[in-house]
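Breakdown of the fold
The lines below spell out each chain.
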Amino acid sequence: MRLKEDNLLERLRRERPLIHCMTNYVTAGDVANYLLAAGASPVMADSAREAEEVTAAARGLVLNLGTLSDEKLAAMRLAGKKAAVLGHPIVLDPVGAGGASFRTEAAKALVHELPCSVIRGNVSEILALSEESSALYGVDAGKKDELDRKNLERCAKAAERLARMSGAVVVMTGKKDLIADENRYCLVDNGHPMMKRITGAGCMLDGLTAAFLGVSIEEKKREWVFERAVYAAAAHGLCGEMAWEKTEAAKGGTGTFHTCLFDAVSIITDHQIQEGARIEI
Amino acid sequence: MRLKEDNLLERLRRERPLIHCMTNYVTAGDVANYLLAAGASPVMADSAREAEEVTAAARGLVLNLGTLSDEKLAAMRLAGKKAAVLGHPIVLDPVGAGGASFRTEAAKALVHELPCSVIRGNVSEILALSEESSALYGVDAGKKDELDRKNLERCAKAAERLARMSGAVVVMTGKKDLIADENRYCLVDNGHPMMKRITGAGCMLDGLTAAFLGVSIEEKKREWVFERAVYAAAAHGLCGEMAWEKTEAAKGGTGTFHTCLFDAVSIITDHQIQEGARIEI
Amino acid sequence: MRLKEDNLLERLRRERPLIHCMTNYVTAGDVANYLLAAGASPVMADSAREAEEVTAAARGLVLNLGTLSDEKLAAMRLAGKKAAVLGHPIVLDPVGAGGASFRTEAAKALVHELPCSVIRGNVSEILALSEESSALYGVDAGKKDELDRKNLERCAKAAERLARMSGAVVVMTGKKDLIADENRYCLVDNGHPMMKRITGAGCMLDGLTAAFLGVSIEEKKREWVFERAVYAAAAHGLCGEMAWEKTEAAKGGTGTFHTCLFDAVSIITDHQIQEGARIEI
């Protein structure tokens, strides 16, 4: 698969879309730095006193359920409704859905109430939202969140079901990433296992996806969302590969890898994404 | 302009002033690390249950309005009033003022209620507080927050007006930094554009400024605040320049730059600040 | 002293225990990254809506009182009681006890209510909890939190007293770390002064200690907790030493050191811990 918008990152860097991130306090700094490194402009605000106003001024909204509280959830609802009215893209990350029932219920409610553009989660989280029993998975997503031959069909069906239920493009990240809308899916085979040994790689992809969705287009179509979500997953995975190359050369560990991941996203080009993306249909 | 207190950093490292930072959760870790690297001692506490007590034990207070909430604002008021009674320096950073009305109103109220020593913000934020119409600016400060020849006069007037209204020294950061009190201003031409490609460079300067203000002096005068604010801006900008030198040599990106910025502030000397400061009156 | 469980880190990496961290927003990202780098699996959740459920699914609980609020404290109580019922190890870090009375009271209440496995703090914090007058110390722990010959006896007595009162193993960190139960103590002489020039080194040790306690054992005995707390302190200190070696070679400062600390914990082996641990009985 060849990516059609072959200068998306360049346009992102020219337009510097403002992305409103309502995210957890564990990785908020990393998400802001990742967006800035990529060329976008992050703004973090999660009080109900200003969530709507900030969203209205931005070009995309990230709702990430890590370290969720009742107050933050209420503010997310306000921001999400405002984004919906304005037609701004919403990226929902149901962190911990399937593990903790507060998160599962919150994620389901937001999926029901908001016209999300993208829902991004690991296997356990997406299965939990697609209303398949996730009894086999529990909170410890780590051990199962791989897309291997055995569970590929099951994962693809769950992602497509959630896409149908929600109207969103579903991005299920794991060893490979599976991107699905209601009719089709593809796999992105970029990335490196070190991305699971730092916190926030998923949250960074949330932000990057929203930033790509925030780049202006002539006419909004579902297909664009699908393709840009694929573009974001491929770019993010490639940044992980570039970071690992440097880390290995420096005989570094996860600290060096973390630093190199930001380096990569600040330096990567559309050309590198086009050349390096490994997309399987 | 020659900086008069030519051993301020050395004294900071000897005294290790405790600085109470009431700041956003996005950059709190970076601010703490920046203060520790410089040689000061940070303490973060934002519950109304302890804000006053912590402020009383500290030698300076930072009020940064990022990720503001009603609860945090209430605690800031308590801490600010305690600091005022005790004569401790207060550094206010009106993050997002001019963009979101909750922040604009909160910032204006704090300026009115508290005897801030320093107010530090970008062009949009300072214009919003100086009560000039900021309709031209909006939340997307990034595109306009440069001090170029065209808008220098307007910026200087706004900063001086805010200084007069508030009694504070005003630090307006951008491509150059403008530091003003009610009668005069100067420009600090240190720094590097990479500082805008990481989150929190402004927040780190808030902390560093408070730390310099927390170093003991014989007799408190307005002039000292002005000069120490200049010293902090010059030192911070120089750290950015040093970080960029190393980043470039390593062919790194924003991740490497971020790491090198902490290295720089942990290593820089008063001599380097004196030699490297580019101050225009 | 030879450490008995000489493959504890290897087992940690095999089992990847899930550790529920209720911690401050300043260092939460670093704690998550440190746990992931070591090989454990962190989960951060601090709403009363889910604290119990998350704790029940985890193998260890960290209660760190940095940036404490009433809401977080209430959620900590719920999680702590659930962990107690289930027999999960609890690591309490009384950040700021002895400095701010809200923290001192909260820490004392939690020590009284919960069967903590480990209480870890600096000298001032442990003295404050052991109910010795801490008038000499105040919030500025930095200047006094060294274990030197003069105050060793006093520190050891305070730690043993707190161990007796609480039933916990007490870890008092400083220039050397003192680990005590009600009958004995030992000193761990690993680490590097740079660990005090970054924020969160103590919080990272909280997490690492909980992760080691979360590795399965046949039969739970007090002695195991003591030995694993020693193992964690030695491993953590050695990581600091390894990080300093690399930092020095690179002529880096605190930024490089911070990065190298994560590298170290992601690379260190049981063999290195066994060989490098300097434990004095």
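Along each chain, residues carry numbers from 1 onward, in the same order as the chain's sequence is written. As they are written, the chains are lettered A onward and the ligands numbered 1 onward, keeping that order. Side-chain atom pairs in this predicted model are given and counted only at pLDDT of 80 or more, local residue features only at pLDDT of at least 70, and totals for whole chains, interfaces and linings cover all residues. Based on all heavy atoms of the structure, the side-chain values leave hydrogens and waters out of the count.

Where an unreviewed UniProt entry is consulted, chain A appears under the name Hydroxyethylthiazole kinase, with the organism given as Candidatus Choladousia intestinavium. According to its UniProt record, chain A has this under Catalytic activity (unreviewed entry): "5-(2-hydroxyethyl)-4-methylthiazole + ATP = 4-methyl-5-(2-phosphooxyethyl)-thiazole + ADP + H(+)". UniProt positions are given in the numbering used here, feature names are shortened, and annotations may be inferred rather than shown by experiment.

**Observations regarding the relation of the copies chain C and chain A**
Expressed as a screw transformation, the operator carrying chain C onto chain A has a rotation angle of 120° and an axial translation of 0.0 Å, and the superposed copies differ by an RMSD of 0.0 Å. In short, the pair behaves as if placed about a three-fold rotation axis. Relative to the rotation axis, the closest C-alpha in chain C is found at tyrosine 25 of chain C, a distance of 3.4 Å. Interface residue correspondence from chain C to chain A reaches only 7%, placing this contact among heterologous pairings that use different surfaces. Our superposition of the copies is a least-squares fit, built on the C-alpha atoms of residues whose pLDDT is at least 70 in both. We call two residues in contact when some of their heavy atoms are within 4.5 Å.

**A look at the relation of the copies chain A and chain B**
The relation between the two copies of this chain is a rotation about an axis and a shift parallel to it. It takes a turn of 120° to lay chain A on chain B, together with a shift of 0.0 Å along the axis; the resulting RMSD is 0.0 Å. Mapped onto chain B, only 7% of the interface residues of chain A are again interface residues, and the two copies thus contact each other with different surfaces.

**Let's talk about the confidence of the model for chain A**
All names here are of chain A. Residue-level confidence of the predictor, termed pLDDT, takes values from 0 up to 100. Mean pLDDT for chain A: 93, with 92% of residues reaching 70 or above. Counted against residues more than four places away or in other chains, residues 134–142, with its pLDDT under 50, gives 21 contacts. The ipTM assigned to the predicted complex is 0.94, against a pTM of 0.95.

**Structural notes on the UniProt feature "binding site: substrate" (unreviewed entry) in chain A**
Here, the residues flagged by UniProt with the feature "binding site: substrate" (unreviewed entry) are Met44 and Gly200 of chain A. Under the DSSP-based scheme used, a helix requires at least four consecutive residues in state H or I and a strand at least two consecutive residues in state E, with every element numbered from the N terminus. Within the secondary structure layout, methionine 44 of chain A lies in strand E2 (residues 41–44). Buried, partly exposed and exposed residues are distinguished by accessible area as a fraction of the type maximum, computed with a 1.4 Å probe on protein chains only: under 20%, between the cut-offs, and over 50%, respectively. By relative accessible area, which is 8% here, methionine 44 of chain A ends up buried. In this structure methionine 44 of chain A touches Cys21, Thr23, Ala28, Val31 and Ala32 of chain A together with Val26, Thr67 and Arg103 of chain B, once residues within four positions along its chain are discounted. In this structure, glycine 200 of chain A sits in the loop between strand E8 (185–188) and helix H8 (201–214). A relative accessible area of 10% places glycine 200 of chain A in the buried class.

**A short note on unusual backbone geometry**
Positive phi, normally seen in glycine, also occurs at threonine 67 of chain B, with a value near 40°. The backbone phi angle of arginine 16 of chain C is positive, close to 45°, even though this residue is not glycine. Inspection of the secondary structure puts arginine 16 of chain C in the loop between helix H1 (8–15) and strand E1 (18–22).

**Examining the sheet that holds strand E2 (residues 41–44) of chain B**
All names here are of chain B. Strands pair, by our definition, only if DSSP identifies at least two bridges between them. One open sheet accounts for 9 strands, arranged E2-E1-E3-E4-E5-E6-E7-E8-E9; its pairing is mixed. Strand pairing shows two members of the sheet lacking a second neighbour, E2 and strand E9 (279–280), which therefore form its edges. All axes here are fitted lines through C-alpha atoms, helices being fitted over the stretch that makes contact, and every angle between N-to-C directions spans 0 to 180 degrees. This element, helix H2 (residues 28–38), spans strand E1 (18–22) and E2 of the sheet and lies at about 155° to E2.

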